[in-house]
Amino acid sequence: MLKLTTKIGRAILDYISYFGSLTMLTANAFKDMFTVKKQTNIFKHLNNIGLNSLPLVVIISIFTGMVLVMETAYTLKRFGAEIYSGSIVSVSMIRELGPVFVAIILAGRVGGAIAAEIGTMKITEQIDAMEILAVDPVAYLISPRLFAGIIALPSLFLVSFFLAITGAALVGIVLVNIPSGMFFYQTFRFIGPRDFVIGIIKSVVFAVVVIAVSANEGLRTSGGAVGVGKAATTSVVVSFFLIILCNLLLTGFFYFI
Amino acid sequence: MEKIISLTDIWIQFSDTPILQGLNLDVIKGESLVIVGSSGCGKTVLLKTILGLIPITKGHISLFGEQVNGTSKNKIMELRSRVGMVFQSSALFDSLTVWENVGFYYLNHTDMTEQQIRSAVREILAEMGMENFENLLPEQLSGGMKKRISIARALISKPEIIFYDEPTTGLDPIMADSITKLIIDMRKKYKTTSITVTHDIKLASRISDRIALIDNGTITEIGTFEELRQNSKNQLIKSFLIAEEAK
Ligand SMILES: Nc1ncnc2c1ncn2[C@@H]1O[C@H](COP(=O)(O)OP(=O)(O)O)[C@@H](O)[C@H]1O
Ligand SMILES: [Mg+2]
């Protein structure tokens, strides 16, 4: 009995210390974002985090737009309401699916790689070497990635939104035969600037979550190559979980204000 | 004699395993101290502790007369910029070229231009016998070359203390000899205080002013090579010396 309580107690303490260190890391990375001496590698990270994610974002967004119209148009047609299928795509993509999709792509494509790279540096003493050379690893390795993520993810979100609409239009206009004017009128009828702002805010938050979680996993790595693999996996799993959780909280938040 | 490092009653444990248990050690300015001890006894941990990389459970660490434990990050960074360390694994940054590795301190702490840094790097690489390697990546180098680059990276900023963690371990005897010679040459040239962790008795006999033995988490014996040769009761030291005499 006592053992069980100790175990539960320890697990709770572990969670608290995990989120404590995550929060500290995020705060430090923000603090150093504009003080780092050499920012030349920002472009490398923007390229890696943003541009290199583009092909995946393009494909997933177009296909999602197409699929959403295919699924909804035929159901709505029975009520003569198929012209609204574009609205379903725009409304769901702009506030919910878009930010979550690009964040999940970031977590899988970039988050795991960041955890593995920093984790390898940790176990091969490169992080220690950096500290001894009086360079703060958080400022040098994490702040520029955080900055790049905060720029890249909202941009990817916007690209993703318009591509989803394009995919939707292809199916809606060509296959379902909705008149194009009507299709676009209905698509943009139910969304406004506020929705764009919410989508952008969500993608900024998700970018911070993914970069912070994967950097934190990297810095905590121990135990050789197996440890690096574990850091990469954990970073993806924890990122997914926190993306979905933050999405719920943010949706709730914006619903009430 | 000025104490450049002073450790008092240092305790360290990882989860529940104690590593250092009340260790005391003073290092005198200008000396070359060699630390020996069985594998896993905490030699690397000790070096990293002096530089504030590992938190201690109890004790007091002083470096250049300033307290290390419980000090602000900025202060520790300032103290670190006066030391250099050569890691056992060399720990070169594998995404950076040789010249960016060696010039890392200057790149991040000074306003020197790339040309100035490159020429400083070229100069120290020449001393290491490593000309024309500037633009290679660490993965393109052998273990011995990495070690030289790592020594160059530690020495370029003219540190007051240099730490070598097993500088010859894992190298073939010829390469180990040439690294030993390099360490001796650099010591003659820069007169840096040095602390060297090693298993290599030949290296220890050639570079040490004093040798300290870690056992059970404390320093159990300390003295010159000759003193230990005559008086040591320790099995490890004895086997070291037998191995030495066999040569
Ligand atoms: N960061 C760490 N976390 C947990 N245990 C560690 C850590 N660093 C070292 N240890 C353990 O401390 C002991 C001493 O390690 P080390 O100082 O590397 O030995 P050595 O004397 O061979 O250099 C080893 O048992 C090692 O597993
Ligand atoms: Mg060691």
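Residues numbered from 1 in each chain as written. Chains lettered and ligands numbered in written order. Predicted model: local features only at pLDDT ≥ 70, side-chain atom pairs only at ≥ 80, totals over all residues. Heavy atoms only, no water.

A. Focus on the interface of chain A and chain B. Tallying the contact residues gives 16 residues for chain A and 27 residues for chain B. Taken together, the two surfaces of chain A and chain B that pack against each other cover about 2,000 Å², and 59% of this comes from carbon and sulfur. Our enumeration of links across chain A and chain B arrives at four salt bridges. The partner of Lys48 of chain B in a salt bridge is Glu125 of chain A, and the shortest N-O contact between them spans 3.0 Å. Tallying contributions element by element places helix H5 (residues 126-132) of chain A first for the side of chain A that touches chain B, with six residues. (Contact = heavy atoms within 4.5 Å. Buried area = accessible area lost by both parts, 1.4 Å probe. Salt bridge = Lys/Arg side-chain N within 4 Å of Asp/Glu carboxyl O. Helix = DSSP H or I, 4+ residues; strand = E, 2+ residues; numbered from the N terminus.)

B. How the structure looks around the sheet that holds strand E3 (residues 32-37) of chain B. All names here are of chain B. The strand order across the open sheet built from six strands is E6-E7-E8-E3-E9-E10, with neighbouring strands paired in mixed fashion. The two strands at the open ends of the sheet, each matched to only one other strand, are strand E6 (83-86) and strand E10 (218-223). Ignoring strand direction, the axes of neighbouring strands in this sheet form an average angle of 20°. Sheet topology places strand E7 (residues 161-165) next to strand E8 (residues 193-197); five bridges connect them, and they run parallel. By the bridge assignment for E8, Tyr164 is matched with Thr196. Each of E3, E6, E7, E8 and strand E9 (210-215) is contacted by helix H1 (residues 43-50), which is oriented at about 155° to E7, the strand it contacts most. (Pairing = 2+ DSSP bridges. Axes fitted to C-alpha atoms, helices over the stretch in contact; angles between N-to-C directions.)

C. Highlighting the domain arrangement of chain B. All names here are of chain B. Assigned domains within chain B: domain 1 (1-82 + 161-247) and domain 2 (85-158). Summarising the inter-unit geometry, the C-alpha centres of domain 1 and domain 2 are found 24 Å apart. Buried area between domain 1 and domain 2, both sides added, is near 1,700 Å², and the carbon and sulfur share of it is 68%. Among the residues of domain 1 in contact with domain 2, Asp165, Leu182 and Tyr190 are the three that bury the most area, contributing 27% of the side total. For the pair domain 1 and domain 2, the number of links is one salt bridge. The partner of Lys189 in a salt bridge is Glu127, with the nearest N and O atoms 2.7 Å apart. Put simply, domain 1 and domain 2 have six residue pairs in polar contact (both at pLDDT 80 or more) between them. Ranked by residues supplied to the side of domain 1 that touches domain 2, first place goes to helix H7 (residues 173-190) with eight residues. The class makeup of the residues in the side of domain 1 that touches domain 2 is 13 nonpolar, four polar and four charged. (Domains from an automatic or database assignment. Polar contact = N/O pair within 3.5 Å; in protein donor to acceptor, adjacent residues only side chain to side chain. Nonpolar A, V, L, I, M, F, W, Y, C, P; charged D, E, K, R; others polar.)

D. Representation of the environment of Ser53 of chain A within the structure. All names here are of chain A. Mapped onto the elements of the fold, Ser53 is located in the loop between helix H2 (42-49) and helix H3 (54-77). Looking at Ser53, the relative accessible area reads 1%, which means it is buried. Considered as a pair, Ser53 and Val102 are 49 residues apart in the sequence and their alpha carbons are 8.9 Å apart. Beyond its immediate sequence surroundings of up to four residues, Ser53 is in contact with Asn48, Arg109, Val110 and Leu156. (Buried < 20%, exposed > 50% of the residue type's maximum accessible area, 1.4 Å probe, protein only.)

E. Quick peek at the packing of aromatic side chains. Counting across every chain of the model gives ten aromatic pairs over all chains. When the ring of Phe161 of chain A is compared with that of Phe162 of chain A, the centres are 5.0 Å apart and the planes differ by 80°; the resulting orientation is edge-to-face. With relative accessibility at 0%, the residue Phe161 of chain A sits in the buried group. We classify Phe162 of chain A as partly exposed; its relative accessible area is 41%. A centroid spacing of 4.5 Å and a plane angle of 45° characterise the contact between Phe93 of chain B and Phe104 of chain B, whose relative ring orientation is tilted. Of this pair, Phe93 of chain B sits in the loop between E6 and helix H3 (98-102) while Phe104 of chain B sits in helix H4 (residues 104-109); the two residues are eleven residues apart in sequence, bridging distant segments of the chain. Accessibility expressed as a relative area gives 1% for Phe104 of chain B, which makes it buried. Taken together through their ring pairs, the aromatic side chains of Tyr140 of chain A together with Phe93 and Phe104 of chain B make up a single cluster. The ring of Phe64 of chain B carries Arg82 of chain B above its face, with NZ or CZ at 3.9 Å from the centroid. In this structure, Arg153 of chain B packs its charged tip against the face of Phe93 of chain B, placed 4.8 Å from the ring centre. (Phe/Tyr/Trp six-rings, centres within 6.5 Å; stacked < 30°, edge-to-face > 60°. Lys NZ or Arg CZ within 6 Å of the ring centre and 35° of its normal.)

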